[in-house]
Amino acid sequence: MNRSAGRRLTVAALTVIAVTAGATACSSGEGGGSSKAADSGTYAIWDPYPQFDKGSAWAKLLDDCGTKAGVKVKRTAFDTSDLTNKALLAAQQDNSADVLIVDNPVVSTLAEAGVLTTTEDNKLDTSSVEPNLLAAGQADGKTYGTPIGANTLALYYNKAVLKKAGVDIASVKDWKTLTAALEKVDKAGDKGITFSAIGTEEGSFQFLPWLWGSGAQLTELDSTEAVSALSLWNDWLKKGYAPNSVINNTQTTSWQEFASGDYAFAENGTWQLANAEKAGFDYGVIPVPGAKGGNAAAPTGGEFVTIPVQGGTDRYTTSQKLVSCLTSGQNLLDTDTTLSYVAPTGEVQDKQVAGDAKLKPWVDAVKAAKGRTSDDLGTTYPKISEQLWKAVQSALSGSKSPKDALTAAQSAVK
C-alpha cells in the first residue's frame, strides 16, 4: 500500500460510526490506551474485549502467540466504539498498533482511510474462510484482514407456548407459515414475537434479515420487496402479534420480554445463548425464514483481525504470524467458544457442532449470513442504515405507510 495513502484520513473515516453499538455481542468496559512500543521485540495488539482481563484465557492466548512468534505482546483493550476513533488517531500520528481487532463494519472505514494493509500486502492466508464472512472485510476487490468469528440473528422459540397453541415448529418455513403460527399463539392467549426496532443501528440490524429475506437490496430501499418486509412487521403490530414496545426495544429489552416466558418467538443473537440456558423453559432456535422459504440472510456481527499500515514493512511478517496464530486451529475454536461466536471456517464450524448440537441452527444461520458492508457498500452503509431505521420507526409508529416511509428513505440516501 502507498505510504501516503496510509496517512490520508478521509472525511468519511472521521465521521463517527455508530453501527457497532448494539449489533454485536461484545461487552463494553474501560480500556486504557497506549501506543505501540518502540522496541522492535514488542508488538502492540488492540482489541475490543475489555471484559477479558490479564488473567483471562484470551490474554494468555495473545501472550502464547507472541511467544511462538518470538516477540512480546503488548495488549490494549478498548470499548468497541472508542477503538475506531483511537485507530484513526493513531494512524494520523503514524503510531498504529501492529494488530488491530475491530468490528467488521468498521473495516471498510479504516480501509478507505488507508489505515489497513491488504492481505496481498501482509501475505495473510484467508483461503479457508467462508466467502460470505470474508466479504465483510472486502472492498474494491481487496481483502483487509480475516474474521475471528461471527455472530448473527435467528429466531428463538418457546416450546411450551408453541405446544399450547398447537404449532409444530417444523411447519414454520416462510413468512406465511410464521404468521399463521403467530395467529394460533395469539388465539391461545399468549404473545407472538418480539424483536428490536429501535431507531438506531440495532433496529436496522434486526430488520435486515427480513429485508434480505424478501429479496430486497440495501441499494433500493423503496423496492416492492422491501415494502413487503416492512409491511410484514407493520401488520404484526396491527394484529397484536408483536408488541408496540418493539419500537423502543433494544436487543436486550427484547430478550427480557422473551425471557418472561410469555412469547412464542424472539429475534435475537448468538450472544443470548447463555441467557437462554438460564431462562427456565425449553427453547429452540431456527434461522429467520425467507419470504418464500429457505433461510434469510442475516447480518453478521463479530470482529476482523487486521494489520495496520506501518512506517516500515519489516514488521508485517511477525504481525502475520500473530494473526495466523490467533485465527487458526484449536486457538480459533477456543476463542469462538469463549466469545459465543460461530467460527469463520467450515472445519472449525464442524467441530463446534460436534461438541454442541445446539449450535447447528446458528451455524446454518451464519452460512446464510451477509456482511452489512458487503456488495461494496463500504462507508455508504451507515448512511443507508440510518434512513432504514428511520423508515421502520415511521411505519411502526403509524406516521407513514411502509411504502411512503421507504420511499422517503431512498430519496434521503440519494
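Above this note sits the structure.
Residues numbered from 1 in each chain as written. Predicted model: local features only at pLDDT ≥ 70, side-chain atom pairs only at ≥ 80, totals over all residues. Heavy atoms only, no water.

### Thoughts on the overall build of the protein
So, step 1. Of the regular secondary structure elements, the protein holds 19 helices and 11 strands.
So, step 2. Taking 22 Å as the expected radius of gyration for a compact globule of 414 residues, we find that the protein reaches 21 Å, a close match to that expectation.
So, step 3. Overall, the protein is about 70 × 45 × 35 Å in size when its C-alpha atoms are taken along their principal axes.
So, step 4. Taking all 414 residues of the protein together, 59% fall into the buried category.
So, step 5. In the protein, once contacts between residues fewer than 6 apart in sequence are set aside, the share between residues at least 24 apart is 78%.
So, step 6. In the form shown here, the protein has an accessible surface area of approximately 16300 Å², with 48% of it arising from carbon and sulfur atoms.
So, step 7. With 38 positive and 45 negative side-chain charges, the protein shows a separation of 1 Å between the mean positions of the two kinds. (Helix = DSSP H or I, 4+ residues; strand = E, 2+ residues; numbered from the N terminus. Rg over C-alpha atoms; globule rule 2.2 N^0.38 Å. Buried < 20%, exposed > 50% of the residue type's maximum accessible area, 1.4 Å probe, protein only. Contact = heavy atoms within 4.5 Å. Areas by Shrake-Rupley, 256 points an atom, 1.4 Å probe, with all protein chains shown as cover. Lys, Arg positive; Asp, Glu negative; His and termini not counted. Charge placed at Lys NZ, Arg CZ, Asp CG, Glu CD.)

### Overview of the nonpolar core
So, step 1. Counting residues in each nonpolar core, the largest one holds 53 residues, and the members touching the most others are Phe195, Phe207, Trp210, Leu218, Trp233, Trp236 and Phe265.
So, step 2. In terms of residue count, the dominant contributor to this core is helix 11 (residues 224-239) (eight residues).
So, step 3. Here Trp210 is in contact with Leu155, Trp175, Leu178, Ala229, Leu232, Trp233, Trp236, Glu267, Val288 and Pro289, once residues within four sequence places are set aside.
So, step 4. Counting residues in hydrophobic clusters, the runner-up holds 29 residues, among them Tyr49, Val73, Cys325 and Ala343. (Core = buried A, V, L, I, M, F, W, Y, C linked by side-chain atoms within 4.5 Å.)

### Digging into the environment of Lys367
So, step 1. Mapped onto the elements of the fold, Lys367 is located in helix 17 (residues 360-367).
So, step 2. What makes Lys367 partly exposed here is its relative accessible area of 42%.
So, step 3. A sequence separation of 172 residues divides Lys367 from Phe195, and the C-alpha atoms of the two residues are 22 Å apart.
So, step 4. Look past the residues within four positions of Lys367 in its chain and what remains in contact with it is Glu130, Asn132 and Gln349.

### Notes on the side chain of Thr179
So, step 1. Among the secondary structure elements, Thr179 is positioned in helix 9 (residues 175-187).
So, step 2. Residue classification places Thr179 among the buried positions, given a relative accessible area of 18%.
So, step 3. Other than its neighbours up to four places away in sequence, Thr179 contacts Leu232, Trp236 and Tyr241.

### Notes on empty space enclosed by the protein
So, step 1. Enumeration according to the criterion identifies two cavities of 30 Å³ or more in this entry.
So, step 2. Lining the largest cavity, in full, are Asn104, Leu133, Ala136, Pro147, Gly149, Ala150, Thr300, Gly301, Gly302, Glu303 and Phe304.
So, step 3. Across the lining of the largest cavity, the residue classes tally to five nonpolar, five polar and one charged. (1 Å grid on protein atoms, 1.4 Å probe; cavity = no way out; pocket = protein on both sides within 12 Å on 5 of 7 lines; lining within 4 Å. Points joined across faces, edges and corners; volume = space filled by probe spheres on them. Nonpolar A, V, L, I, M, F, W, Y, C, P; charged D, E, K, R; others polar.)

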